[in-house]
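Descriptive structure summary
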Amino acid sequence: QVQLVESGGGLVQAGGSLRLSCAASGSIFSINAMGWYRQAPGKQRDLVATITSGGSTNYADSVKGRFTISRDNAKKTVYLQMNTLKPEDTAVYYCNVVDSDPNGRYNYWGQGTQVTVSS
């Protein structure tokens, strides 16, 4: 069983910062990529940022310059540093891990952590 445990969400005022963490444990074979997605009420789950095991990153246009994704491969942990937060960033944030073994690739999701940004 693979488990992703998220932490770091909370309530913050506009302009503030939060740092999300997601630690993977269990039967992880080889992580290809880790990332963060978010979902606001009534909306689709959208990509926020991803990072490969080699360090290549990708960001949604809405967070470029404000958010930074990083990872610790040894700890199987991915982070999302969120600066200059806006009310529009309010959502449930989900950690994603793409794992692989000789048979193929697998997607795993965290439980979600609420981020609320007040005006």
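Notes on the structure in this doc start here. Once a new chain begins, its residue numbering starts again from 1 and follows that chain's sequence as written. Selection of residues for local features in this predicted model requires a pLDDT of at least 70, selection of side-chain atom pairs for listing and counting requires 80 or more, and totals for whole chains, interfaces and linings are taken over all residues. Values shown for side chains rest on all heavy atoms present in the structure; no hydrogens or waters enter the calculation.

Re the nonpolar core
In this description, a nonpolar core means a group of buried Ala, Val, Leu, Ile, Met, Phe, Trp, Tyr and Cys residues linked to one another through side-chain atoms lying within 4.5 Å. Categorising residues by exposure relies on relative accessible area from a 1.4 Å probe, with only protein chains included: less than 20% of the type maximum marks a residue as buried, more than 50% marks it as exposed, and the intermediate range marks it as partly exposed. Judged by nonpolar contacts, the single largest core of 30 residues is most densely connected at Trp36, Leu80, Met82 and Tyr93. Strands here mean DSSP runs of E at least two residues long; helices mean DSSP runs of H or I at least four residues long; both are numbered from the N terminus. Going through the elements one at a time, strand E1 (2–7), strand E3 (18–26), strand E4 (30–39), strand E5 (46–52), strand E7 (67–72), strand E8 (77–82), strand E9 (91–101) and strand E11 (113–118) are the ones with two or more residues in this core.

Some thoughts on the pairing of E9
The buried fraction of E9 is high, at nine of eleven residues. Of the strand pairs in this sheet, E9 and E11 are connected by three bridges, and their pairing is antiparallel. The residue of E11 that forms the bridge with Ala91 is Val115. Relative to strand E10 (residues 104–109), E9 runs antiparallel, the two being bridged by six bridges. In the sheet register, Val98 faces E10, and the bridge partner there is Asn107. At least two DSSP bridges between two strands are needed for those strands to be called paired. Linkage of E9 to E10, two consecutive antiparallel strands, is achieved through a turn of two residues.

Observations regarding the environment of Glu6
With respect to the secondary-structure elements, Glu6 resides in strand E1. For Glu6, a relative accessible area of 6% gives the class buried. Separated by 14 residues in the primary sequence, Glu6 and Leu20 place their C-alpha atoms 7.1 Å from one another. Filtering out sequence-adjacent residues up to four positions away, Glu6 remains in contact with Ser21, Cys22, Trp36, Tyr93, Tyr94, Cys95, Gly110, Gln111, Gly112 and Thr113. A distance of 3.2 Å separates a polar side-chain atom of Glu6 from the backbone nitrogen of Gly112. In the analysis that follows, any N or O atom pair within 3.5 Å is treated as a polar contact, provided that within protein one partner can donate a hydrogen and the other can accept it, and provided that, for residues neighboring in sequence, both atoms belong to side chains. Looking at Glu6, its side chain comes within polar contact range of the main-chain nitrogen of Thr113, at 3.3 Å. In this analysis, two residues are considered to be in contact whenever any of their non-hydrogen atoms come within 4.5 Å of each other.

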